[in-house]
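# Structural overview
Here is how the chains run, residue by residue.
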Amino acid sequence: MTIIANWSYPTAIKFGTGCIKELADHCEAVGITKPLLVTDRGLSTMAITREALDILDAASLGRAMFADVDPNPTDRNLEAGVRAFKDGGHDGVVAFGGGSGLDLGKAIAFMAGQSRPVWDFEDIGDWWTRANPYGIAPIVAVPTTAGTGSEVGRASVVTNSQTHTKKVIFHPKLLPSVTICDPELTVGMPKVITSGTGMDALAHCLEAYCSPFYHPMSQGIALEGMRLVKEYLPRAYKDGTDIEARAHMMSAAAMGAVAFQKGLGAIHSLSHPVGAIYNTHHGMTNAVVMPPVLTFNRPAIEAKIASAAAYLGIAGGFDGFFDYVLRLREELGVPDKLSTMGIAPDRIDELSAMAIDDPSADGNPVPMTLENTKALFKDCF
């Protein structure tokens, strides 16, 4: 058998309690002299954000902030952010927050130097080569949640406000130059965010592990990422001040995003249209659809899941792993179906069409068709 694959692994990661204090040093090291800190509205008034701005200001880097960021960032947010970047004469971005702040911050740094519309850089074929690489501003990423992993990713998810579809924008230089992982920044996360983001990390690891594509490095990282989630997400949920659990979950989040270079699948291809139309939390939506997708994929992944279960110390092979997921969801307060999230099943046809068109669908172990995806969505209700 001839194996051909192209791999690329992530960036410099500064990891440890209190390392946010190095923020200004890392900005200066990558050539940022006037950063724009991009975060979401909820974080904009919090103490951890003020501390980051104070650190920048003390180093004479200013305290400029853009926080007009929706939970599922849109092209309108992006346009406003690019204007703020240009009007302020900024030369780099500090992407600060959960997935929304990180994704939009990276997209602002990317689009500030482009002349084509953002949709020209969707993650399709070699569309990324259309971009002017010299117009991409440097990025320092600072995650404040433990789930998305966008801090070590080469893509941003942006919602088209006209079509209500999520698009993955890709370029190698969307990868932050430096990522600062300070677990203390996640201590204040509410339980519901700890749960949703933690389940997002699990979904990334699980889908990467089950993807049929060849990438043994990602395979190993995904498996160990699942172990960290199993051991430490319940602890972080039970006691938000458990800094050891917070640190390991921050690692698991980054590992999931590195691992899914191998591929994602139906969990994400279902979750993306639901989030785009109903503005649900991405990680929590992943958690809701996870068991039906496991059942859907069982014929292709049963042996693989049994091996993972053994590594994770879960008895009973596939069935044991499935039951573990159900117990974990209950422990973390995850809704048991989409209708519990307030979503009606009246748009299944539309959601299914969007799901099979989502780039994540290509990595699902069982090929997704319009008909079997409709049936899968019905199971999620």
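Quick caveat, the model's predicted, so the values are computed rather than measured.

### Observations regarding the nonpolar core
Ranked by size, the top nonpolar core spans 65 residues in total, and within it M226, L270, L294 and F321 carry the most contacts. The set of elements that each furnish at least two residues to this core consists of α6 (191-210), α7 (216-238), α8 (243-259), α9 (266-278), α10 (282-312), α11 (317-331), α12 (348-357) and α13 (370-380). Per-element tally for this core: the top contributor is α10, with 13 residues. Listed in part, the 28 residues of the second largest apolar core include V38, F66, A141 and I169.

### Considerations on empty space enclosed by the protein
What the rule picks out here adds up to two cavities of 30 Å³ or more. Of the voids in this model, the largest cavity is the one considered here, and its volume is about 80 Å³. For the largest cavity, the lining is made up of 13 residues, of which L206, E207, C210, V293 and N297 are closest to its centre. Broken down by element, the lining of the largest cavity gets its largest block of residues, four residues, from α10. Residues belonging to the lining of the largest cavity are distributed by class as follows: eight nonpolar, four polar and one charged. In this structure, the second largest cavity occupies an estimated 40 Å³ of space. If one sorts the elements of the lining of the second largest cavity by residue count, α6 sits on top with three residues. Class assignment for the residues of the lining of the second largest cavity results in five nonpolar, three polar and one charged.

Rules and cut-offs
- Residues numbered from 1 in each chain as written.
- Predicted model: local features only at pLDDT ≥ 70, side-chain atom pairs only at ≥ 80, totals over all residues.
- Heavy atoms only, no water.
- Core = buried A, V, L, I, M, F, W, Y, C linked by side-chain atoms within 4.5 Å.
- Buried < 20%, exposed > 50% of the residue type's maximum accessible area, 1.4 Å probe, protein only.
- Helix = DSSP H or I, 4+ residues; strand = E, 2+ residues; numbered from the N terminus.
- 1 Å grid on protein atoms, 1.4 Å probe; cavity = no way out; pocket = protein on both sides within 12 Å on 5 of 7 lines; lining within 4 Å.
- Points joined across faces, edges and corners; volume = space filled by probe spheres on them.
- Nonpolar A, V, L, I, M, F, W, Y, C, P; charged D, E, K, R; others polar.

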